[in-house]
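Each chain is listed here by its residues.
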Amino acid sequence: MARIIVVTSGKGGVGKTTTSAALATGLAARGHRTAVIDFDVGLRNLDLVMGCERRVVFDLVNVIQGEAGLRQALIRDKRQPNLSILAASQTRDKDALSLEGVGKVLDELAESHDYIVCDSPAGIEKGATMAMYFADDAIVVTNPEVSSVRDSDRMIGILSSKSRRAEQNLEPIRERLLITRYSPERVAKGEMLSIEDVQDILALDLIGVIPESESVLNASNAGVPVIMDEASNAGQAYQDMVDRYLGEELPHRFTTVGKKGLFGRLFGG
Amino acid sequence: MALLDFFKQNRKSGSAAKAKERLQILVAHDRAGPGPSYLPQLQRDLIKVIRKYVHVDQDAVNVRVEQEGNQEILELNIVLPDS
């Protein structure tokens, strides 16, 4: 039986798709059969971040409406043999998603996969609620910034009330916090909410902290998930996130200001 | 100037502290939900009553409900004009 993971945030532009691509790639690279689904009907982007945009023929809505089989629509990742991608529809309206249809797709995927990663769209509309409804685990992506934290708090409330697990009185979704675009320098200057500040407000276990990094934009420019950039801090932080998801206990890295020598501290800018 | 920065590492004085404070209030408010539906009417009535005695602006009366444990607190904030 597959484990279903939703990557959600409420607010847009905080790194949901980057995180979904990293998580799915990381799980597949560790030998788990993984599928990643883009739920952003009308504004598909996961295919771009994964670098398979030219290979999309059928999408999630085609499968739900019976116009294509799941096997036809799944795109096999060129880098990770264990990874498949199911793109979002680009043209149709959001009403094309139905709970029943999504449930059927997930059931079918679960037969041949270990993990299913659901990349949620921003907002709290249908696509977002569909992406989270069937989840077993949730990664709440948050920037250390007021509007993002507030929206995450709203999302946490919805996760614990409007999911299959909540409605059927099952064990609740395991929700964990991922802080992205973190800048220890700005935190040290008091210009940015710290990890502790965000956790104080959201009260979730921390699954990772991704530092602000140029490599994220470089990676999406190239259509290669940033987790594959093992030289970058962000790539390494995502590797840690995947290991933590799989149960390893690792200290959080890249969360403090890099140490300068005494000379640098006294005279450096 | 780095030498000075080193001595004034007073991180709580930055804008992050302000952000956290604002968030704590906002999130508590969001979690409490929209509150009873009679609030807008109550606010209008209060303004009428207060205007019998002193002229206040429409936005001078602020009514809100806060949740504190099991207690609901109705908070009334009336700003009187400068005399």
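Note that the coordinates shown come from a computational prediction; the quantities given were computed from them, not determined experimentally.

Focus on the overall build of chain A
Counting its regular elements, chain A contains 13 helices and 8 strands. Radius of gyration (C-alpha) of chain A: 18 Å, near the 18 Å computed for a compact globule of 269 residues. The principal-axis extent of the C-alpha atoms belonging to chain A is close to 65 × 40 × 35 Å. The burial tally for chain A puts 55% of its 269 residues in the buried class. Residue pairs in contact within chain A that sit at least 24 positions apart in sequence constitute 74% of those at least 6 positions apart. With the model as given, the accessible surface of chain A reaches about 12,000 Å², and the carbon-plus-sulfur share is 48%.

Concerning helix α10 (residues 195-202) of chain A
Residue and element names in this part refer to chain A. Where α10 is concerned, the buried positions are I195, D197, V198, I201 and L202. The buried residues of α10 occupy an angular sector of 165 degrees when projected down its axis, which confines them to one face. Once α10 finishes, A203 follows within two positions and takes phi at roughly 50 degrees, a positive value.

Thoughts on the side chain of D136(A)
Inspection of the secondary structure assignment puts D136(A) in the loop between α6 (126-133) and β6 (137-142). Discounting chain neighbours no more than four positions away, the residues touching D136(A) are A2(A), R3(A), I4(A), R164(A), R165(A), I173(A) and R174(A).

A closer look at the packing of aromatic side chains
The relation between two aromatic rings is expressed through the spacing of the ring centres and the mutual angle of the planes. Residue and element names in this part refer to chain A. Using the criterion set out here, one finds 2 aromatic pairs over all chains in the structure. Aromatic pair Y115 and Y245: ring centres 5.7 Å apart, planes at 75 degrees, arrangement edge-to-face. One end of the pair, Y115, is in strand β5 (residues 115-119); the other, Y245, is in helix α12 (residues 233-245), and 130 residues separate them in sequence. Looking at Y245, the relative accessible area reads 9%, which means it is buried. With 4.9 Å between their ring centres and 80 degrees between their planes, Y133 and F134 make a pair best called edge-to-face. Take Y133: its relative accessible area is 12%, and that puts it in the buried class.

Looking at the sheet that holds strand β7 (residues 174-182) of chain A
Remark on secondary structure: sheet strands pair via backbone hydrogen bonds, oriented parallel or antiparallel. Residue and element names in this part refer to chain A. With mixed pairing, 8 strands are arranged side by side in an open sheet as β3-β4-β2-β5-β1-β6-β7-β8. Each of the sheet's edge strands pairs with one partner strand only, and the pair in question is β3 (75-76) and β8 (205-211). Along the sheet, α10 contacts β6, β7 and β8; its crossing angle with β7, the most-contacted strand, is approximately 150 degrees.

Structural notes on helix α1 (residues 16-29) of chain A
Residues and elements named next belong to chain A. If you check α1, its first and last C-alpha atoms are 20 Å apart, about what 14 residues at 1.5 Å a residue would give, namely 20 Å. By the criterion of burial, α1 is predominantly enclosed, with 13 of the 14 residues buried. Taken from the residues just after α1, G31 is the one with a positive phi, measuring 95 degrees.

Some details on the nonpolar core
All names here are of chain A. Grouped together as the largest cluster of nonpolar side chains are 54 residues, with contacts concentrated most on F39, L97 and I116. Residue contacts for I116: discarding those within four places in its chain leaves A2, R3, I4, I5, A35, I37, L106, L109 and A110. Counting 35 residues, the second largest nonpolar core, distinct from the first, contains A22, L83, I227 and Y238.

Digging into the pairing of strand β4 (residues 83-86) of chain A
Residue and element names in this part refer to chain A. By the alternation rule, side chains of β4 split into L83 and I85 and S84 and L86, which are all buried. Relative to β4, strand β2 (residues 34-38) is paired through 4 bridges, and the arrangement is parallel. Of the residues in β4, the one forming a bridge with I37 is L86. Bridging between β3 and β4 involves 2 bridges; their strand directions are antiparallel.

Section: the pairing of β7(A)
Residues and elements named next belong to chain A. Judged by how many residues are buried, β7 sits mostly within the fold: 7 of 9 residues are covered. Pairing geometry for β7 and β8, over 5 bridges, is parallel. Paired with I179 across the two strands is V209, which belongs to β8.

Thoughts on a nonpolar patch on the surface
Residues and elements named next belong to chain B. On the surface, a nonpolar cluster with roughly 260 Å² of combined accessible area is contributed by L76, I78 and L80. Relative to the helices and strands, I78 resides in strand β2 (residues 71-78). Since its relative accessible area comes to 35%, I78 is described here as partly exposed.

Looking at the packing of helix α7 (residues 146-159) of chain A against α10(A)
Residue and element names in this part refer to chain A. Look at α7 against α10: their axes get within 10 Å of each other, and the N-to-C directions meet at 35 degrees. As for the relative orientation of α7 and α10, their crossing is right-handed in sense. Packed against α7, whose contacting residues are V149, S152, D153 and I156, the element α10 presents V198, I201 and L202 at the interface. When its residues are assigned to classes, the contact of α7 with α10 shows 5 nonpolar, 1 polar and 1 charged.

Cut-off values and rules
- Residues numbered from 1 in each chain as written.
- Chains lettered and ligands numbered in written order.
- Predicted model: local features only at pLDDT ≥ 70, side-chain atom pairs only at ≥ 80, totals over all residues.
- Heavy atoms only, no water.
- Helix = DSSP H or I, 4+ residues; strand = E, 2+ residues; numbered from the N terminus.
- Rg over C-alpha atoms; globule rule 2.2 N^0.38 Å.
- Buried < 20%, exposed > 50% of the residue type's maximum accessible area, 1.4 Å probe, protein only.
- Contact = heavy atoms within 4.5 Å.
- Areas by Shrake-Rupley, 256 points an atom, 1.4 Å probe, with all protein chains shown as cover.
- Arc of directions from axis to C-beta.
- Phe/Tyr/Trp six-rings, centres within 6.5 Å; stacked < 30°, edge-to-face > 60°.
- Pairing = 2+ DSSP bridges.
- Axes fitted to C-alpha atoms, helices over the stretch in contact; angles between N-to-C directions.
- Expected span 1.5 Å × (residues − 1).
- Core = buried A, V, L, I, M, F, W, Y, C linked by side-chain atoms within 4.5 Å.
- Patch = residues over 30% accessible without salt bridge, like charges linked within 9 Å, V, L, I, M, F, W, Y side chains within 5 Å.
- Salt bridge = Lys/Arg side-chain N within 4 Å of Asp/Glu carboxyl O.
- Left-handed = near helix turned anticlockwise from the far one by under 90°.
- Nonpolar A, V, L, I, M, F, W, Y, C, P; charged D, E, K, R; others polar.

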